[in-house]
Amino acid sequence: MIEAIITAGTPQDMIGYTLDGHVEDSTIIFECTPPAVGVIMAALAGELSILARDVLLQTLWFVAAGSGDYEPDPEGAGLGDGCRNHAHQGFWRLVQIGLTGSAEDAETVADICDYFGLGGDQAAFYQAQLRERMRAKTKRGRCV
């Protein structure tokens, strides 16, 4: 499923493909979610269409919002912790997407970093940069 979204070139190519209910369901995460986050982070490091990137960022946002689930999975680690670990490995790529993408991308990435607690001490600085970028682009869009 993730591969179909990653390789989709146009919105018409993506008709019928969604991750809803597979990786997360309204911020409820599943046993398959941590490895899926690893695949999403790897995909975000590559060349993607804007639509595919948006779908993956939105999925990651829902996963991050549901990552507070600290119930142990069969291997003993919490599902949220597994998702967080995979997302942490791609922290700098997320920040790059947020700083170079749309205002919505900046806001989504700031939220993902906030929900997952990514970036350590630098997180507050980059989240502020992302939110400022979002505000600046939104203001510019209103003035036009």
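Parameters and conventions
- Throughout, a residue's number is its position along its own chain's written sequence, starting from 1.
- Confidence filtering applies because this is a predicted model: local features only for residues at pLDDT of at least 70, side-chain atom pairs given and counted only at 80 or more, and all residues used for totals across whole chains, interfaces and linings.
- Where side-chain values are given, they derive from all heavy atoms of the structure, hydrogens and water being excluded.
- Segments assigned H or I by DSSP are reported as helices when at least four residues long, segments assigned E as strands when at least two residues long, and all are numbered from the N terminus.
- Exposed residues in this analysis have more than 50% of their type's maximum accessible area, buried residues have under 20%, and partly exposed residues fall in between, with area computed by a 1.4 Å probe over protein chains only.
- Two residues form a contact once any of their heavy atoms are found within 4.5 Å.
- Here, a salt bridge means any Lys or Arg side-chain nitrogen found within 4 Å of an Asp or Glu carboxyl oxygen.
- Paired rings are identified among Phe, Tyr and Trp, the last through its six-membered ring, by centres lying within 6.5 Å, and are further divided according to the angle between planes into stacked (under 30 degrees), edge-to-face (over 60) and tilted (the rest).
- Within this analysis, the arc is defined by the directions that extend from the helix axis to the C-beta atoms.

Let us now look at the overall build of the protein chain. Helix and strand counts for the protein chain stand at 7 helices and 2 strands. Along the protein chain, helices (α) and strands (β) appear in the sequence α-β-β-α-α-α-α-α-α when read from the amino end. For the protein chain, with 144 residues in total, the buried portion stands at 41%. A separation threshold of at least 6 residues defines the contact pool for the protein chain, and within that pool the share at least 24 residues apart is 64%.

Evaluation of the coordinates by the stated rule reveals 4 salt bridges. The salt bridge involving D105 is made with R53; its shortest N-O contact spans 2.7 Å. Residue D105 is found in helix α6 (residues 103-116), and its partner R53 is found in helix α3 (residues 50-65); the two are separated by 52 residues along the sequence. Looking at D105, the relative accessible area reads 4%, which means it is buried. Between R131 and D111 there is a salt bridge, and its shortest N-O distance comes to 2.8 Å.

Among the secondary structure elements, G98 is positioned in helix α5 (residues 91-100). G98 sits 33 residues away from R131 along the chain, and the two C-alpha atoms are 9.2 Å apart. With residues up to four places along the chain from it excluded, the contact list for G98 reads D105, A106, V109, L130 and R133.

One pass over the full model with this rule turns up 6 aromatic pairs. An angle of 70° between the planes, with centres 4.8 Å apart, marks the rings of F91 and W92 as edge-to-face. A relative accessible area of 47% means that W92 is categorised as partly exposed. With a centroid separation of 5.1 Å and an interplanar angle of 80°, the aromatic rings of F125 and Y126 are classed as edge-to-face. What makes F125 partly exposed here is its relative accessible area of 48%. A connected cluster of aromatic rings, assembled from ring pairs, spans F91, W92, F125 and Y126.

Moving on to α5. Here α5 has its buried residues at F91, L94, V95, I97 and G98. When α5 is viewed along its axis, its buried side chains cluster within an angular range of 160° and face the same direction.

These figures capture arrangement, not role.
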